[in-house]
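The primary structure of each chain is shown beneath.
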Amino acid sequence: MSSMITGKCYCGAITFYGEEEPQTVAYCHCVDCRRATGGPVAAFAAFGEGKIVFEPEEGKRVSINEGVVRTFCENCGSSLTGRYDYLPNQIYVSIGIIDQADELMPEVHAHAAERLRWLHIDDDLERSEATATRKLNAVSDNL
Ligand SMILES: [Zn+2]
Ligand SMILES: [Zn+2]
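First things first, this report covers the structure right here in the doc. Given the structure is predicted, the values throughout are model-derived calculations rather than measurements.

Before going further, it helps to spend a moment on the pattern of salt bridges. A complete count under the given rule lists four salt bridges for this structure. The salt bridge involving glutamate 58 is made with arginine 83; its shortest N-O contact spans 2.8 Å. Highlighted residues: glutamate 58 in the loop between strand S5 (52-55) and strand S6 (60-62) and arginine 83 in strand S8 (residues 79-84), separated in sequence by 25 residues. Classification of glutamate 58 by relative accessible area gives buried; the value is 15%. Aspartate 123 is the salt-bridge partner of arginine 127, the closest N and O atoms lying 2.4 Å from each other. According to the relative accessible area criterion, arginine 127 is partly exposed, its value standing at 37%.

Those protein atoms acting as donors to the zinc ion (ligand 1) are Cys9 (SG), Cys11 (SG), Cys73 (SG) and Cys76 (SG), and they sit at 2.3 to 2.4 Å. Given four donor atoms and angles of 105 to 115° at the metal, the environment of the zinc ion (ligand 1) is assigned as tetrahedral. One chain supplies every donor to the zinc ion (ligand 1), and in sequence these donors are spaced C-x1-C-x61-C-x2-C. Residue cysteine 11 is found in the loop between strand S1 (5-8) and strand S2 (15-18), and its partner cysteine 76 is found in the loop between strand S7 (68-72) and S8; the two are separated by 65 residues along the sequence.

Among the nonpolar cores identified, the biggest contains 21 residues, and Phe16, Phe47, Val93 and Ile98 are the most heavily contacted of them. Every element with two or more residues in this core is listed here: strand S3 (24-28), strand S4 (42-48), S5 and strand S9 (90-94). Among the elements that make up this core, the one with the highest residue count is S4 (three residues). Residues in contact with phenylalanine 16, not counting those within four places in the same chain, are Ile5, Thr6, Gly7, Lys8, Ile52, Val53, Phe54, Val93, Ile97 and Ile98. Listed in part, the 15 residues of the second largest apolar core include Cys30, Cys33, Leu87 and Val108.

Turning our attention to the coordination of the zinc ion (ligand 2). In this structure, Cys28 (SG), Cys30 (SG) and Cys33 (SG) serve as the protein donors to the zinc ion (ligand 2), at separations of 2.1 to 2.3 Å. For the zinc ion (ligand 2), the single-chain donor residues occur in sequence as C-x1-C-x2-C. Classification of cysteine 30 by relative accessible area gives buried; the value is 10%.

To continue, consider the sheet that holds S4. Judged by pairing direction, the sheet is mixed, and its eight strands sit side by side in the order S6-S7-S8-S9-S4-S3-S10-S11 without closing on themselves. Two strands in the sheet have a free side with no partner beyond their single neighbour: S6 and strand S11 (126-127). Where S6 and S7 come together, three bridges link them in antiparallel fashion. Residue pairing in the sheet places lysine 60 in a bridge with phenylalanine 72 of S7.

About the cut-offs
- Residues numbered from 1 in each chain as written.
- Chains lettered and ligands numbered in written order.
- Predicted model: local features only at pLDDT ≥ 70, side-chain atom pairs only at ≥ 80, totals over all residues.
- Heavy atoms only, no water.
- Salt bridge = Lys/Arg side-chain N within 4 Å of Asp/Glu carboxyl O.
- Helix = DSSP H or I, 4+ residues; strand = E, 2+ residues; numbered from the N terminus.
- Buried < 20%, exposed > 50% of the residue type's maximum accessible area, 1.4 Å probe, protein only.
- Donors = N, O, S within 2.8 Å, 3.2 Å for Na, K, Ca; no water.
- Tetrahedral: all angles 85-135°; square planar, octahedral: opposite > 155°, others 65-115°.
- Core = buried A, V, L, I, M, F, W, Y, C linked by side-chain atoms within 4.5 Å.
- Contact = heavy atoms within 4.5 Å.
- Pairing = 2+ DSSP bridges.

Right, here's the structure in full:
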């Protein structure tokens, strides 16, 4: 089967692919994700650890907060992935670097309490004031 998920960073130095659909897709409104991605809200597609293959490798690992490791392209700075100790065995890939992003609909708003006041996203998705860990873990438990 041909790969279902493909993508690359802004400069193209790092590419990736995967053959499984994401376990879930989530917005994150937390200030850390905004800062790391540069956008007014971040969104990520979650995959099982090891299900996404990066070439030549996954970029520079940066850990500012205990239990959170993010990766970035060392050349262009694109935000690639996040790993969170409280969401074990999952890798969260920034939605904007995925070629199929248009088909990957978010299912939850995490850290909705930190949303920028002027940002209005008109949907009926669940809003979690905090990490949405329960919902995100429930998805991975169901696999
Ligand atoms: Zn790059
Ligand atoms: Zn966040």
